[in-house]
Every structure is written in C-alpha cells, then in structure tokens.
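Here are the chains, one letter per residue:
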Amino acid sequence: MFSVLIPTYHRNDLLRACLEHIVSASQNFEGDYEIIVSDDGKATTAQLLIATDFPEVQWAQGPQAGPAANRNHAARQAKYDWLVFLDDDCLPDAQLLTAYADAIQEDQQQQVFEGKIYAERERRGFHEEAPINLTGGKFLSCNICLSKSTFEKLDGFDESFPYATMEDTDLKVRILEAGHRIQFVERAAVCHPWRPTKGWNMYQKRFQSYRRFIEKYPEKKKMHNRVSRLKILISRFLEDFQELAKYRFRGMRFMFYQAALNVRLLLMKRP
C-alpha cells in the first residue's frame, strides 16, 4: 500500500532513530509497505548501516542534485500506490501509517494528505528550530502522503529549488492549482525534535529558495504592495522580539539573521 520515502545526507545517527520508528516492529500497521532511503551522501553513506541493522529497508544511491531531486529519485523506486515522504530526522508515531490508511479508506477520492508534526517540548530560543505543523495547512515534506499517480502527474518536486526550502510549498501550490484538496490527518503524526539553528550561510540558502519561488510565482509577490509588506515585516519583527525576551535573549543573532532575510526579500525587485 505505502512506499515510505526518506532522503538522507550524512546524518546516519538521525536516520537510525527515524528507521527504528518506522520499521514494521514499531508500526501498528498490518498492511503492506516498503521503506526506501535515497542517500545523497558523498563522504559517507548509510548503505552499511541499513544492510547491517535494517534489512527490510531498501537503500538507493541518490542523484546528488539537491533535496528535491533526492525525493524524486526515491519516488521513482516506489512500487506501491501511495507515497509517504518523511525526513531522516523525524520520529514517526506508531500509528502513522494506520492513520493514513484509515483516512484513505474513509474518502477514496482524496489524493493528498498531510500529517501532524510536533516537537518533543517547547522551544527554548531562536538558537533551535523545527518545522511544526499542529493543525494543517503547511504541507511540510517531512510528513506528507499522496497517491503516486498524482505525484507523477505533477512531475514531483521541482528540482530547480536547490536547497531544502520552498520545494514543498511549490508542490503545494501545484496540487491546489490542479484542483486537489489537502486533508490534514492529525493522528498521522511525527515528532521533529528541535535542531540547532544553522548560521548565516543557511539563511543565504533560504533566500535563494525564496527568490526562486517568487520568480516562479510573481503573482505571490504582487499580492501586497511594498508598504503593506513593510508593515508585515515590522509586525513579525516585533513578535519575534517579544519571543526573544521570553527566551531570555537566547539565539538573538539568529533572530536578526531572519530579520535581515526578510529585508532582502522586501527589497528584492519584482520579476
């Protein structure tokens, strides 16, 4: 029924924890499914780890062309009709696949689902981050499920997004434009622990992804004039500063990195 697809890149310790939660011994699921790890590793890979400790998991050498290409490569190996995309640093709940299967059975016309993503505790500062999706509407690639036929008709993830930012938002836009609904399945949950926020180079990469998105969808930028977008930027900065005070100013430089990124987006010329 399911092909569970996990891209990875030089994170064997995190991948091990993820696989421990998704293998058949940990999932309360009686249907058929496979697990495919597409590995973009260069210095090292997870091939030996999987062969030794997770014999039911399939390992595939990734294309080494970015996260979007790695996910697409995993999808091309899939043999089942439903694709479940996870990230290698997520910890799937035991009922993840059962919850998705129940949702598919309840509405057999529905083609696209997203699951809940939660952290193990409250955030302690801007020095840590995690993609959280508690109520739906975000469609984050670390926990989504869609039919293989729909994914193929949409040509998968757009590989022109070079980094792990906005490629899932782009897919969401195309899903909605194709007339599909995205159903939130709260019981299909994964824990995404807080991870250390990376440095300025990561924000530079995110800017490149945001810019690619605006180039592809210029109407998204035109929805607001520069004045209204400036008001949004100021409002977000004030909200973040209040959060920073709550965190006792832990991770302050990362908050300013985000503010600098928002200013660059504000000043960016329209396509």
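Anyway, here's the lowdown on the structure attached to this text. (Residues numbered from 1 in each chain as written. Predicted model: local features only at pLDDT ≥ 70, side-chain atom pairs only at ≥ 80, totals over all residues. Heavy atoms only, no water.)

Details of the state of the cysteines
All chains considered together, the criterion is met by zero disulfides. In this structure Cys145 is not part of a disulfide, and its nearest cysteine sulfur, from Cys142, lies 14 Å away. Of the residues examined, Cys145 reaches a relative accessible area of 0% and is grouped as buried. (Disulfide = S-S within 2.5 Å. Buried < 20%, exposed > 50% of the residue type's maximum accessible area, 1.4 Å probe, protein only.)

What about helix α4 (residues 96-106)?
An α-helix turns once per 3.6 residues; consequently, residues spaced three or four apart project the same way. For α4, the buried fraction is high: eight of the 11 residues fall into the buried class. Along α4, the residues classified as buried are Leu96, Leu97, Thr98, Ala99, Tyr100, Ala101, Ala103 and Ile104. (Helix = DSSP H or I, 4+ residues; strand = E, 2+ residues; numbered from the N terminus.)

Brief notes about the packing of helix α7 (residues 200-216) against helix α10 (residues 252-267)
Taken N-terminus to C-terminus, the directions of α7 and α10 make an angle of 25°; their axes are 10 Å apart at the nearest point. Looking at the two axes, α7 sits roughly parallel to α10. Considering the relative orientation of α7 and α10, their crossing is right-handed. Contacts between α7 and α10 involve Trp200, Tyr203, Gln204, Arg206, Phe207 and Tyr210 from the first element and Phe254, Tyr257, Gln258, Ala260, Leu261, Arg264 and Leu265 from the second. The residue makeup of the contact of α7 with α10, split by class, is nine nonpolar, two polar and two charged. (Axes fitted to C-alpha atoms, helices over the stretch in contact; angles between N-to-C directions. Parallel < 35°, antiparallel > 145°, perpendicular 65-115°, else oblique. Left-handed = near helix turned anticlockwise from the far one by under 90°. Contact = heavy atoms within 4.5 Å. Nonpolar A, V, L, I, M, F, W, Y, C, P; charged D, E, K, R; others polar.)

Note that every value here comes from positions in space, so none of it alone points to a role or purpose.
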